[in-house]
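The primary structure of each chain is shown beneath.
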There are 2 protein chains.
Amino acid sequence: MERVYNFAAGPAVLPLEVLNRIRKDIPVFQDTGMSVMEMSHRSKAFEEIIGEAERLFRRLLGVPDDYHVLFMQGGATLQFSMVPLNLMRRSKKADYVVTGLFARKAAQEAGKFGSVNVAASSEDRGFARIPDLSAAAFSSDADYVHITTNNTVYGTRFTSFPETGAPLAADMSSNILSEPVDVSRFGLIYAGAQKNIGPSGLCMAAVRKDLVGFAPADAPVMLDYRTYADHASLYNTPPTFAVYAAKLVFEWIEGKGGVAGMEKLNREKAAILYDLLDDSSLFKGVADREFRSLMNVTFTLPNEELTAEFLSEASAAGFVNLKGHRAVGGVRASLYNAMPVEGAAALADFMKRFEAARRRR
Amino acid sequence: MERVYNFAAGPAVLPLEVLNRIRKDIPVFQDTGMSVMEMSHRSKAFEEIIGEAERLFRRLLGVPDDYHVLFMQGGATLQFSMVPLNLMRRSKKADYVVTGLFARKAAQEAGKFGSVNVAASSEDRGFARIPDLSAAAFSSDADYVHITTNNTVYGTRFTSFPETGAPLAADMSSNILSEPVDVSRFGLIYAGAQKNIGPSGLCMAAVRKDLVGFAPADAPVMLDYRTYADHASLYNTPPTFAVYAAKLVFEWIEGKGGVAGMEKLNREKAAILYDLLDDSSLFKGVADREFRSLMNVTFTLPNEELTAEFLSEASAAGFVNLKGHRAVGGVRASLYNAMPVEGAAALADFMKRFEAARRRR
């Protein structure tokens, strides 16, 4: 069985080089006599793996020294609780910018822990754009401002970040490591692994050290950033295999020119599809041009019947997981780091053929 | 590089058959065109995997229909918070039986959420036994009673379970699936995966349905059992690869005669080592005989120097991760399901040779 082009929104395609390396390390990793899955998280071999994963993550993203890098579990959804629990340290108020389904979920969850102000939202525009943040109603006493840098469902992304007095906290699950970002502009960034980092079950964060240590004394121990910071993410057993896979992905990114190299490829892939959308009379992009995501290209066809036909023919041709999120419908092509340029180009060719065939009818 | 005998307390050895199957499924699983790591958790292929994992888990353990089976993250340590958050539903009181380090941690964490009564403890006996539970001071109005069925650090296990009015909640992380257990005697059982289930990063539970739905409204969404129960553990992205590996482990257990088959092998392995300890004048068992664990065989040598010598020679001979937990010192041989009888026998031979060589000096 050959590999397909997998456009899933996450869990998503991994680099074939990484998969082959994982395969090679089973059932024995290097000179350890066992696979990574079987290693004690307290072993020297695993400590080297997680240490190297942290070093690579820091180097790739340029994480400053005054930030902790944390390896956690529970996905971004657990962070929706952990962020307010840890960062609501004075006023217990936070500003949220609501730019999609997950941004809204994050804001709703935070409301359990304190007072949430929706400083700006693009819900009235069907989340097709990022709202004007110069006009955003940021609170003067918010403990932090939360944004979602890329919106997987609608296919939008922040192209610049707001100036805020309060620390900026960002869910970067769906575009971390896809383009350079100035981490020092953020108090906290976090990301579920299953799009640009590795297999699901791992969630990474970089948090400014002075923001850690303010969770209430009765916070669940695994929901306190300090637990991870004080124990190098080894307070309890981390998801060892996912950490190891993440390390391999980081090495792969470094070999491709780092995050700047990724951005170049990501812009190339996205341009192939967006140019096609702009030229097409059949396919219509969902997101406003200036906020188009480099990771998730969303578009629609004129009706449900044509959409179903497109998805079915695409799948048969080896382009899979293209169905859009039910909130938007249509088609979504996710082009995470591991999607090769050839994948985007082949999909574009298929789309052109599909459109030409419909025109001839 | 050959495989060693890995006696780690967890993450721990996996069946070689399972590892080879995992290897075979990379980079393409069946007819999906991708590896399991790359599959959407909403895909048909993954839904089949998690569905089959649940069916196998239910069948192997005999989980009754009025129990939910949940796939979670965060390890047993997150359960230390989730158990009180969910089960302290009336009096907000709970009884804990403290039989080791993790049992104590569980009790301490529960104290954040309500009133904890240590109904019995064997701490005064160095945790070398399970305390007399007929004399335990169970509260009349406790919301639940918590026990730890196997104590990894000290090498003890419950050989019978207390009669309690309140639902019994059990941390079975280190002996789940190692011997048959009557699940209907428990309100809740849970286990981190990394000993008898699969890779770390997955935590499984079976919880009686009538006990779910009582977490406070402001509980973190991922800490409410209802979130998992209502969404078949797919509210957010589960640790998909670990779920798949668990399914393979369950199939392997079924192929070996199920949990009864495991118990037979586990008793055989444990007997090999305990018989040796009983005959030895060099090695001395830590746990009281009647409460000896089938999973973790703990023993000491007369002094630190000999212990270090033993561990170093053992490691050179291919018997690794035998160092005891720092709280106990000495040696710990963990004999989880995936440790073959030959591994225990080979270790026993090595121990006999080590003792004989010392006697000759």
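What you are looking at is a predicted structure, and each value in this text was computed from that prediction instead of being measured.

Student: In this structure, what is going on with the domain arrangement of chain A? I would like to understand it.
Tutor: Where interface size is given, it is often the accessible area lost as the parts come together that is meant. All names here are of chain A. Split into domains, chain A comes out as domain 1 (16-255) and domain 2 (258-359). Of note, the centres of domain 1 and domain 2, computed from C-alpha atoms alone, are 27 Å apart. Residue-level contacts link 27 residues of domain 1 with 26 residues of domain 2. Taking both partners together, domain 1 and domain 2 bury about 2300 Å²; carbon and sulfur atoms supply 56% of that area. Taken together, the links from domain 1 to domain 2 amount to 4 salt bridges. Among the salt bridges present, the one from Glu179 reaches Arg267, with a minimum N-O distance of 3.8 Å. Seen at the junction of domain 1 and domain 2, the total is 15 residue pairs in polar contact (both at pLDDT 80 or more).

Student: For this particular structure, what's the right way to read the environment of Tyr144(A)?
Tutor: Residues and elements named next belong to chain A. Its location among the elements puts Tyr144 in strand 5 (residues 144-148). Sequence separation between Tyr144 and Ala169 is 25 residues, and the spatial gap between their C-alpha atoms is 6.6 Å. Here Tyr96 takes part through its side chain, which lies 2.6 Å from a polar atom of the side chain of Tyr144.

Student: Before we go on, may I ask you to explain the relation of the copies chain A and chain B in this structure?
Tutor: Relating one copy of the chain to the other requires a rotation about an axis plus a shift along that axis. The two copies are related by a screw operation: chain A maps onto chain B through 180 degrees of rotation and 0.0 Å of translation along the axis, at an RMSD of 0.0 Å. What the rotation and shift describe, once combined, is the action of a two-fold rotation axis. Relative to the rotation axis, the C-alpha of Arg23(A) is the closest in chain A, positioned 2.7 Å from it. Here 100% of the interface residues in chain A have copies in chain B that are interface residues too; the copies meet face to matching face.

Student: For this particular structure, what's the right way to read the sheet that holds strand 14 (residues 331-334) of chain A?
Tutor: One key point about sheets: their strands pair by backbone hydrogen bonds, in either a parallel or an antiparallel sense. All names here are of chain A. An order of 11-12-14 is seen for the 3 strands of this open sheet, with the pairing classed as antiparallel. With partners counted over all chains shown, the strands left at the sheet margins are strand 11 (284-285) and strand 14, one partner each. Taken together, the 2 bridges between strand 11 and strand 12 (residues 296-300) define a ladder with antiparallel strand orientation. Residue Lys284 lies in a different strand from strand 12, and its bridge partner there is Thr300.

Student: Sorry, what's going on with the interface of chain A and chain B here?
Tutor: Every contact between the two is made by 60 residues of chain A and, on the other side, 60 residues of chain B. With both chains or domains summed, chain A and chain B bury close to 4700 Å², and 60% of this area falls on carbon and sulfur atoms. On the chain A side of the interface with chain B, the three residues burying the most area are Arg23(A), Met37(A) and Glu38(A), jointly 14% of the side's total. The interface formed by chain A and chain B holds 2 salt bridges in total. Between Arg3(A) and Glu38(B) there is a salt bridge, and its shortest N-O distance comes to 2.8 Å. For the pair chain A and chain B, the interface holds 29 residue pairs in polar contact (both at pLDDT 80 or more). Elements represented by at least two residues in the side of chain A that touches chain B include exactly helix 1 (16-24), helix 3 (75-87), helix 4 (101-110) and helix 6 (240-255) of chain A.

The rules we used
Residues numbered from 1 in each chain as written. Chains lettered and ligands numbered in written order. Predicted model: local features only at pLDDT ≥ 70, side-chain atom pairs only at ≥ 80, totals over all residues. Heavy atoms only, no water. Domains from an automatic or database assignment. Contact = heavy atoms within 4.5 Å. Buried area = accessible area lost by both parts, 1.4 Å probe. Salt bridge = Lys/Arg side-chain N within 4 Å of Asp/Glu carboxyl O. Polar contact = N/O pair within 3.5 Å; in protein donor to acceptor, adjacent residues only side chain to side chain. Helix = DSSP H or I, 4+ residues; strand = E, 2+ residues; numbered from the N terminus. Least-squares fit on C-alpha atoms with pLDDT ≥ 70 in both. Pairing = 2+ DSSP bridges.

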